[in-house]
Amino acid sequence: SRAIPIKSRRRVLEHHVILFGWNRKTREVLAELNADSLTQGFRADDYIVVAEQPLLDRPTDRIYRNVWHVQGRAAESLRKADLVPVKGRGSGARVATIIADPALPRDEADRRSLLTLLAVENLYPEVVSIAEVVDPLNQEHFENAYADEVVLPTHFANMLLARTAVFPGVATYI
């Protein structure tokens, strides 16, 4: 896994997406973002994955070419890799996506995601922040922490099931 060089050989990144967490969902998000870059005009030159794992278990597919890894938790890792915004220049990041850890209990996953969101909003207030929330009861906390978008996977899945019951076949298009 490629790591971001620490300060002495800093890589200047612009038009990048920051993904917090590394799991099956992160790999699926990367695949979707790459598909959208071809069809929807979405542009991201690099993807930075901030994860506690020392190495990312990623395939050698083309979509992983511009994936960079910063090991550790949100705020400390971004500072360590010198990815905090330069005053007056902005961060260059387009989006920060916080992906809940499915290996943790619901409350712990949301608690970690919320702390990550607070760090992102503190370091990158101009970046669009998207947070996955596991427990719908915690949605308000993420909105109070200024998440630009809150995604509730269970809510979306329930809506899709209902729409598919009314309009059979709709799930194949989503």
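Residues numbered from 1 in each chain as written. Predicted model: local features only at pLDDT ≥ 70, side-chain atom pairs only at ≥ 80, totals over all residues. Heavy atoms only, no water.

Looking now at the pattern of salt bridges. In the structure shown here, the tally under the stated rule is seven salt bridges. Here Arg24 makes a salt bridge to Glu28, at a shortest N to O gap of 3.0 Å. With Arg24 and Glu28 both in helix H1 (residues 24-39) and four residues apart, this pair spans about one turn of that helix. Judged by relative accessible area, which is 41%, Glu28 ranks as partly exposed. Note that Arg111 is salt-bridged to Glu108, the shortest N-O span being 3.1 Å. Of this pair, Arg111 and Glu108 both sit in helix H3 (residues 106-123), three residues apart, roughly one helical turn. (Salt bridge = Lys/Arg side-chain N within 4 Å of Asp/Glu carboxyl O. Helix = DSSP H or I, 4+ residues; strand = E, 2+ residues; numbered from the N terminus. Buried < 20%, exposed > 50% of the residue type's maximum accessible area, 1.4 Å probe, protein only.)

Let us look at the confidence of the model for the protein chain. Detailed reading of the predicted coordinates is not advisable wherever pLDDT is low. Averaged over every residue, the pLDDT of the protein chain is 79; the share at 70 or more is 76%. Put simply, helix H2 (residues 74-80) is where the protein chain has its lowest mean pLDDT, 73, and helix H4 (residues 139-144) is where it has its highest, 97. Counting interchain partners and residues more than four positions distant, the pLDDT-below-50 stretch residues 4-11 has 16 contacts. (pLDDT = per-residue confidence, 0-100. Contact = heavy atoms within 4.5 Å.)

Attention now goes to a nonpolar patch on the surface. The grouping of Phe156, Met159, Tyr173 and Ile174 at the surface amounts to a nonpolar patch, some 520 Å² of accessible area in total. In this fold, Ile174 is placed in the segment after helix H5 (153-166). (Patch = residues over 30% accessible without salt bridge, like charges linked within 9 Å, V, L, I, M, F, W, Y side chains within 5 Å. Areas by Shrake-Rupley, 256 points an atom, 1.4 Å probe, with all protein chains shown as cover.)

Inspection of the secondary structure puts Leu118 in helix H3. Between the alpha carbons of Leu118 and Phe142 there is a distance of 8.9 Å; along the sequence they are 24 residues apart.

This part is about the side chain of Ser113. Take Ser113: it is sitting in helix H3. Of the residues examined, Ser113 reaches a relative accessible area of 3% and is grouped as buried. Apart from the residues lying within four places of it in its own chain, the contact partners of Ser113 are Ile98, Ala100, Glu132 and Phe142.

Right, let's talk about the pairing of strand S2 (residues 46-51) for a bit. The buried fraction of S2 is high, at six of six residues. Burial along S2 is two-sided: the face carrying Asp46, Ile48 and Val50 and the face carrying Tyr47, Val49 and Ala51 are both buried. Looking at chain direction, strand S1 (residues 16-20) and S2 are connected through five bridges and run parallel. Paired with His16 across the two strands is Asp46, which belongs to S2. (Pairing = 2+ DSSP bridges.)

Below, the discussion takes up the pairing of strand S4 (residues 93-98). Counted residue by residue, S4 has five buried out of six residues, so it is predominantly covered. With four bridges joining them, S4 and strand S5 (residues 128-132) adopt parallel strand pairing. From the neighbouring strand, Ile98 faces S5, where its bridge partner is Ala131.

On to the sheet that holds S5, then. Pairing within the open sheet is parallel, and its six strands lie in the order S3-S2-S1-S4-S5-S6. Single-partner strands in this sheet number two, and they are strand S3 (67-71) and strand S6 (149-151). Neighbouring strand axes in the sheet, compared pairwise and without regard to direction, differ in orientation by 20° on average. H3 rests against S1, S4 and S5 of the sheet, and its axis sits at about 175° to S5. (Axes fitted to C-alpha atoms, helices over the stretch in contact; angles between N-to-C directions.)

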